[in-house]
Each structure stands twice: as structure tokens, then as C-alpha cells.
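Remarks on the overall topology
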Amino acid sequence: MSLMVIAVTAAVLVWPAPFAAIDTWWITPLLGLIMFGMGLTLSTEDLRVVAMRPRDIAAGVVMQYVVMPLTAWALVRLLQLPEDVALGVVLVGCCPGGTASNVITYLAKGDLALSVGVTACSTLLAPLVTPLLVWLLVGHSIDVDAGAMMQSIVTIVVLPIVAGLAAQRWLPALTRRAVPYLPGFSSLAIAATVALVVGHSAEKLLTAGLLVIAVVVMHNAIGLSLGYLIARLLRMPYPKRVALSIEVGMQNSGLASGLAVLHFATFPLAAVPGAVFSVWHNVSGALMAKVYSEILGRARQS
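Notes on the structure in this doc start here.

1. Section: the pattern of salt bridges
Pairing is possible between side chains that carry opposite charge, provided their charged atoms lie close to one another. Throughout the structure, instances matching the rule amount to five salt bridges. Between Arg53 and Asp56 there is a salt bridge whose closest N-O contact spans 3.5 Å. The exposure class of Arg53 is partly exposed, given its relative accessible area of 21%. Take Asp56: its relative accessible area is 7%, and that puts it in the buried class. What you see here is one network of salt bridges that share partners, running through Arg53, Arg55, Asp56, Asp111 and Lys240.

Have a look at this one:
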């Protein structure tokens, strides 16, 4: 997926016109399809984890909604970012964990059940928490319609997940046949979302690209590091530390770009940090999965 998204981004930067001609309205159904796929793959066992391990899940969700928003706010203030870039960075920080974090946690040999539980809970809380955090962090200088954002997140995230769960319940045979194709389908949907965002802001991305990339890399690295360190301070075992590191550092950045396009159209660059984050966190996540799995392998050998 990382290679696909990088290739699509490069192609769109070279030939933005065909993608700029496509209405950004399509971002909403694309994100909805990704969330529908998440609903198709959630099982009753995944949901049972929340009840069986409330302390671990709560710790992960709190870290998700404290570390990344505050890191975004600190970077914005420290680097004195332009207003539209700052808004985009804050949007990324205030979104729930990304579904790709579950795949990366599996590859890293982390606690997969914990990762899935935190992703599910942070995603279902997003309609309330994300608009509130954005309003608290940037509402003093930018008009933030928290109610409209809440409705958008319910439409883009919650309803498709519920529809996916319903499909599992009422169309089990069809769901079983569809699930093996979901990773590839989700990758295509994410690549298409990034292509639309980049296509509509290619010129501005080329102008402010290095600044946005630098901020995204720092934001992601701080999230990965603090997720691990806080889990260690809580005396969690290594697989849990790995899961929470990845869970905190990887965001649903596609949702951030979608919200920027839907609610902050007067800030053209606001959608760009989410698009760049979508590319980078898959690259850094794959690298961290290799590092974490090798550390665990050496520990077992010794």
C-alpha cells in the first residue's frame, strides 16, 4: 500500500489536471467504503476485548486523543506554521487511529487484539471527540462548526461501520467471500483519496511540500515514541508497548483530509498534511514493524 500511495502521489504531482477535474465530493464515499470494510472485518471477539481489557483499551484511547492533538498543537506553535498548514496538522492530530495500524501491529508481533480494540473505540468516539478537540485547539482563530463536523464523521465513519457489522449479521456468506479482497480494495480507496486531495492542491503542495513533510515526519515520530514510552511507564509488557506505539503514531489521516475539504474549503493547504501523513505513516509503520519484530526475536533467542 505504501508503494502504491507513493506512486500515485508522484503521478498526480506530475499530472494533476485529471484528478483536479474530479469533484472532491467523492472523498466522502471513498472514506465510507474504507470504514465499511472495517465493519465487515470486526468480529464479536474484537468487541469482547473492550469489555475484557478496559484498562488497556482506555489507556490507548486516552493516549490517542491526548498525545497526537497536543503534539500537533505544540508543533504548530513552535514552528509558527502558516494558518492553513497548522489547521491541517491539528486535524490529523485530532482524528482517531488508522485501520492500517492493525496490520502494522500484526507485522510487528505486537498485541493485535489491543490494537483492534483501541482503533474501534477511538473511531466510534471520533464524532464527539474530534470536533471538540479541533474547536478547542484552533477555534479561537478559525471558525469551527463542531456540529457539522460531528454529522460528517457519523456519515463517513460510524454509519458505514454499522452497515458492515449488519452485513456480517445478515449476509454472512457474502461477507466471507468479500473479506479476502478487502485489503486490496482498501488500498485502492486510500490511494484514490490521496490522489483527489493532492490533485486539488498540487501547486500549493509543491510550494510548501518540504515544510509539510518535515512537520508530518516529526508528528508521526513523536507519536510512535511517546506511545511506546508511556506504555512502558505504565509497566505494560513489550507486545502491548508495540501495539500502543503504533496505535498512537498512526492516524486516520484520510479522514483528516476529508474533513478539511468538507469544512475548511477556504484553507486549501489544510487537506495536504493528511494526504502526506497517509503516505508517510505507512512507510514509517512498516519500518517500525521490522524494528519491533527483530527486537522481539532477539529477546526470545536470548
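2. With respect to the packing of aromatic side chains
Taken as a whole and assessed by the stated rule, the structure comprises four aromatic pairs. Ring centres 5.9 Å apart and planes at 15° place the aromatic pair Tyr228 and Tyr292 in the stacked group. You can see Tyr228 sitting in helix H12 (residues 202-233) and its partner Tyr292 sitting in helix H15 (residues 272-301), a full 64 residues away along the chain. Taken individually, Tyr228 and Tyr292 each receive the classification buried, so the pair is uniform in this respect. Among the aromatic residues, those joined into a ring-pair cluster are Tyr228, Tyr238 and Tyr292. It is Arg169 that lies over the ring of Trp170; its NZ or CZ is 4.4 Å from the centre.

3. Digging into the packing of helix H8 (residues 112-138) against helix H9 (residues 146-170)
With their axes 9 Å apart at the nearest point, H8 and H9 run at an angle of 160° to one another. With respect to each other, H8 and H9 are oriented roughly antiparallel. Once H8 is placed against H9, the crossing between them reads as right-handed. Facing H8, whose interface residues are Thr123, Ala126, Pro127, Leu128, Thr130, Pro131 and Val134, H9 presents Ala146, Met149, Met150, Ile153, Val154, Val157, Val158 and Ile161. Classifying every residue of the contact of H8 with H9 by side-chain character gives 13 nonpolar, two polar and no charged.

Basis of the calculations
Residues numbered from 1 in each chain as written. Predicted model: local features only at pLDDT ≥ 70, side-chain atom pairs only at ≥ 80, totals over all residues. Heavy atoms only, no water. Salt bridge = Lys/Arg side-chain N within 4 Å of Asp/Glu carboxyl O. Buried < 20%, exposed > 50% of the residue type's maximum accessible area, 1.4 Å probe, protein only. Phe/Tyr/Trp six-rings, centres within 6.5 Å; stacked < 30°, edge-to-face > 60°. Helix = DSSP H or I, 4+ residues; strand = E, 2+ residues; numbered from the N terminus. Lys NZ or Arg CZ within 6 Å of the ring centre and 35° of its normal. Axes fitted to C-alpha atoms, helices over the stretch in contact; angles between N-to-C directions. Parallel < 35°, antiparallel > 145°, perpendicular 65-115°, else oblique. Left-handed = near helix turned anticlockwise from the far one by under 90°. Contact = heavy atoms within 4.5 Å. Nonpolar A, V, L, I, M, F, W, Y, C, P; charged D, E, K, R; others polar.

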